[in-house]
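Structural overview for review
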Amino acid sequence: MNSPVRAFRSVGGDPLFIEKADGPFLFDADGNRYIDYVGSWGPMILGHNHRETRRAVESALKNGASFGAPGELEVRMAEFLTEKLPHLEMVRMVNSGTEATMSAIRLARGATHRDKIIKISCCYHGHGDSLLVEAGSGALTFGTPSSPGVPPALAELTIVVPFNDTGALEKAFERNKGEVACLIIEPLPGNMGTIPPKDGYLQAIREMTTRERALLIFDEVMSGFRVAFGGMTELSGVKPDLATYGKIIGGGLPVGAYGGRADLMKQVSPQGPVYQAGTLSGNPLAMAAGLCQLRILNENKDKIYVHLEKMGDLLASGLRDVATKRGVPVTINRVGSMFTLFFTGEKVVDDASARKSDTDLFARFFREMLENGVYLPPSQFETAFISYSHGNSEIEKTIRAADSALEKIFREK
Ligand code: KE4
């Protein structure tokens, strides 16, 4: 088990071992087929085993796997990202979202000569020490939002405030005047389940960080190229100083990236003193897969994002109808092809309201859906993803699977 969120710990039962994947489907080692809503936790926006992406990797591999020296593909990736994402004046490729956020934090501290950072309670930014303080995703799921092993001297430099609460953020800045290097946020949190920002919240954060001369880091590892081609930066119109990416930009291969204002990025080694390095950064295979997927998204952006929105709307309304029909209180938060079905009747606007969900019922529902051939993320506090390869038939089958799952659960209650 190379990542805890795959462990089915919070939903019970043994994790499935997957042999292959294709389009919207996973196939386990026993040959069972599932409609997949994990999508490798976000990267597989076009669907699994995409023909063109596979060919791009095969053709890059013919030239060798890794050179440890600059190559054309990583330059093409940098050109693509900086051309399509105006807030990225410069970008550095790394090998995971964790590396991207860890490096962006270090750059913020180095550039501002300040040590403190502000993060949002139960946002997850990978497993960098400074960010495993009240973190989301598996840390939240398994009840260890703040991980042992992070020295208190470091953890106390991370200030945590609740999501969607500008008052708490004002107070945090007030109490740490002139000491905050940056605020890092998932502009669309997906690691306490999907929770959209309240209207004006991101704009308010932008104003506060500018006023306090703290850098604003948008962690778009999950939302980047997912909720729109330009991610939440496009949807919100808010321009961060730095942003991090991962998942989709690697097309399923190990990848991460951080970038933003050139005056900041020029402080990263070798141009500047802030050190960050990586044996496989800009790896030709990951660049080939990522560029292929990004180019397909770019060349078909209207068609693809309209389809993702349509499928998302169809699924969310179908699930809501099924739950309402059976008198089961649910809240479904969705932005495009990212959604979470919370087993609570209350609005879910932050981690406190998310934690009110009936996680036992979620676990039972998860297992019944698996029985019915649908593979949801194995945690109430994760986001489900729809891919471009999901069509009406998969959505309708999923809704029927949910109907029979709830029927069975409540028949036996
Ligand atoms: P990676 O180091 O896993 O590539 O990225 C860390 C990361 C950073 N920022 C955001 C917003 C993220 O969602 C993630 C990783 N997301 C989890 C799923 N919630 C990855 C799945 C896993 O840990 O296995």
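Residues numbered from 1 in each chain as written. Predicted model: local features only at pLDDT ≥ 70, side-chain atom pairs only at ≥ 80, totals over all residues. Heavy atoms only, no water.

With that settled, consider the domain arrangement of the protein chain. Domains assigned within the protein chain are domain 1 (4-50 + 301-412) and domain 2 (52-299). Put simply, the middle of domain 1 and the middle of domain 2, counted by C-alpha atoms, are 26 Å apart. Tallying the contact residues gives 35 residues for domain 1 and 38 residues for domain 2. For the pairing of domain 1 and domain 2, the buried interface totals around 3,200 Å² over both sides, and the portion due to carbon and sulfur atoms is 61%. Interface area lost by domain 1 to domain 2 is led by H50, K301 and Y305, which between them contribute 20%. Applying the counting criterion to the domain 1 and domain 2 interface returns 21 residue pairs in polar contact (both at pLDDT 80 or more). Listing elements by their share of the side of domain 1 that touches domain 2, those giving two or more residues are α11 (301-325), β11 (331-335), β12 (338-342) and α12 (351-354). Considering every element that reaches the side of domain 1 that touches domain 2, the biggest residue donor is β12, with four residues. (Domains from an automatic or database assignment. Contact = heavy atoms within 4.5 Å. Buried area = accessible area lost by both parts, 1.4 Å probe. Polar contact = N/O pair within 3.5 Å; in protein donor to acceptor, adjacent residues only side chain to side chain. Helix = DSSP H or I, 4+ residues; strand = E, 2+ residues; numbered from the N terminus.)

Here the focus is the pairing of strand β10 (residues 256-260). For β10, the buried fraction is high: five of the five residues fall into the buried class. Residues G256, Y258 and G260 line one face of β10 and the alternating positions A257 and G259 line the opposite face, and both faces are buried. One ladder, built from five bridges, connects strand β4 (residues 90-94) with β10; its direction is antiparallel. Counterpart to R92 in the pairing with β10 is Y258. In the sheet, strand β9 (residues 242-246) pairs with β10 via five bridges, with the strands oriented antiparallel. (Buried < 20%, exposed > 50% of the residue type's maximum accessible area, 1.4 Å probe, protein only. Pairing = 2+ DSSP bridges.)

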